[in-house]
Amino acid sequence: MEVALVTVGDELLAGDTENTNATWLARQLTERGATVTRMLTVPDDRTLIARWVGDFADSFDAVIVTGGLGDTPDDVTVEAVADAFDRDLTVQPEVRDRIAEKARQFREEDPEYYETHDFDLDLDETAALPEGARPLQTAESFNPGCVVENVYVFPGFPEELRVMFDSVAAEFGGDAVSASVETATPEGALKDVLAGARERFDVAVGSYPARRGKPGRVKVTGTDPATVERAVEWVDERVADVESDPDSGE
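Nothing here was measured: the structure is a model prediction, and the numbers come from that model. (Residues numbered from 1 in each chain as written. Predicted model: local features only at pLDDT ≥ 70, side-chain atom pairs only at ≥ 80, totals over all residues. Heavy atoms only, no water.)

**Structural notes on the confidence of the model for the protein chain**
Per-residue confidence for the protein chain averages 88 on the pLDDT scale, and 92% of its residues sit at or above 70. Confidence, expressed as mean pLDDT per element, reaches its minimum in the protein chain at helix α6 (residues 111-116) with 68 and its maximum at strand β8 (residues 151-154) with 98. (pLDDT = per-residue confidence, 0-100. Helix = DSSP H or I, 4+ residues; strand = E, 2+ residues; numbered from the N terminus.)

**Remarks on the pairing of strand β11 (residues 216-222)**
Taking every second residue as pointing to the same face, the buried face of β11 carries Gly216, Val218, Val220 and Gly222, while none of Arg217, Lys219 and Thr221 on the other face is buried. As judged from the 5 bridges shared by strand β10 (residues 204-208) and β11, these two strands associate in the antiparallel manner. Paired with Gly206 across the two strands is Lys219, which belongs to β11. (Buried < 20%, exposed > 50% of the residue type's maximum accessible area, 1.4 Å probe, protein only. Pairing = 2+ DSSP bridges.)

**Quick look at the layout of surface pockets**
Taken as a whole, the largest pocket encloses approximately 580 Å³ of empty space. Along the wall of the largest pocket there are 28 residues; nearest its centre are Gly68, Leu69, Asp75, Gly156 and Phe157. For the lining of the largest pocket, the secondary structure elements donating two or more residues are β1 (2-8), α1 (10-14), α2 (20-31) and α8 (158-168). Counted by class, the lining of the largest pocket contains 7 nonpolar, 14 polar and 7 charged residues. Roughly 270 Å³ of volume is contained in the second largest pocket. Taken together, 16 residues line the second largest pocket, and the ones lying closest to its centre are Ala34, Thr35, Val36, Ala176 and Thr221. If you list the elements that add at least two residues to the lining of the second largest pocket, you get α2, β2 (35-42), β9 (177-183) and β11. (1 Å grid on protein atoms, 1.4 Å probe; cavity = no way out; pocket = protein on both sides within 12 Å on 5 of 7 lines; lining within 4 Å. Points joined across faces, edges and corners; volume = space filled by probe spheres on them. Nonpolar A, V, L, I, M, F, W, Y, C, P; charged D, E, K, R; others polar.)

**Comments concerning the domain arrangement of the protein chain**
Accessible area lost on assembly of the parts is the figure often given for the size of an interface. Taken domain by domain, the protein chain consists of domain 1 (2-171) and domain 2 (177-237). Using only C-alpha atoms to locate each centre, domain 1 and domain 2 end up separated by 36 Å. (Domains from an automatic or database assignment.)

**Some thoughts on the packing of helix α3 (residues 46-59) against helix α4 (residues 77-84)**
In helix packing, the relevant descriptors are the interaxial angle and the interaxial distance, both defined with respect to the helix axes. The contact between α3 and α4 brings their axes to 8 Å, and the two run at 50°. As summarised for this structure, α3 and α4 are arranged oblique, according to the angle between their axes. Considering how the two elements wind past one another, α3 and α4 form a crossing that is right-handed. Along its contact with α3, which presents Arg46, Ile49, Ala50, Val53 and Gly54, the element α4 presents Thr77, Glu79, Ala80, Asp83 and Ala84. Its residues assigned to classes, the contact of α3 with α4 shows 5 nonpolar, 2 polar and 3 charged. (Axes fitted to C-alpha atoms, helices over the stretch in contact; angles between N-to-C directions. Parallel < 35°, antiparallel > 145°, perpendicular 65-115°, else oblique. Left-handed = near helix turned anticlockwise from the far one by under 90°. Contact = heavy atoms within 4.5 Å.)

**Looking at the packing of α2 against α8**
Between α2 and α8, the shortest axis-to-axis distance is 11 Å and the interhelical angle comes to 20°. Taken together, α2 and α8 sit at an angle that is classed as roughly parallel. When the axes of α2 and α8 are compared, the crossing they make is right-handed. Contacts between α2 and α8 involve Thr20, Asn21, Trp24, Leu25, Gln28 and Leu29 from the first element and Pro158, Leu161, Arg162, Phe165 and Asp166 from the second. Per-class residue counts for the contact of α2 with α8 are 6 nonpolar, 3 polar and 2 charged.

Written as structure tokens, this is what we have:
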């Protein structure tokens, strides 16, 4: 299963907010055997979001879009996803009802805060989703996410994103497996080993150099666990052991 990630937000591109969502999602998907093939960050630009979502939806098995689900003018992700599929926005009654109930609960729990800040909530606007979308609503999120064909739309707040992803995590998977070898061999001396493993075992091989006192790592990825195991053993026989190198950081 090949997945593309699209994270939305001017604050991400400005460096005001660290893009932890992309890293977390990539790890979750990889652990489930899926392959993250693209990772893109775009501004809060409706036309640009729609363009990339539409392109990725045609090219990959699934697309995950995060961020821009709020009620402020710069939150345009839902509208952009609707544009990508040439759909109108519609209000599903059950989605609206759930939002209304969450608003009621919030008002009852802290009426003074609610009145002080004069919340201007448009239930129809908040509940609107692309026509035919499958809504995703959790206890942690006020604004709904959704699924439109093979595109999953999640909130940008990490806590809300993680709970919503967990609610559909079973829909992501694949047969990719990985294993790693720690090594004291410098990355510049690994060229022949990396190329040899690829050619001999038909696997993907990546090198992650040593840093901050940690050893380097060679990662082998494939679809057959036995082949990956053989490739890892072959690599392990041809790289320096961490324990044998006093400069490895161990």
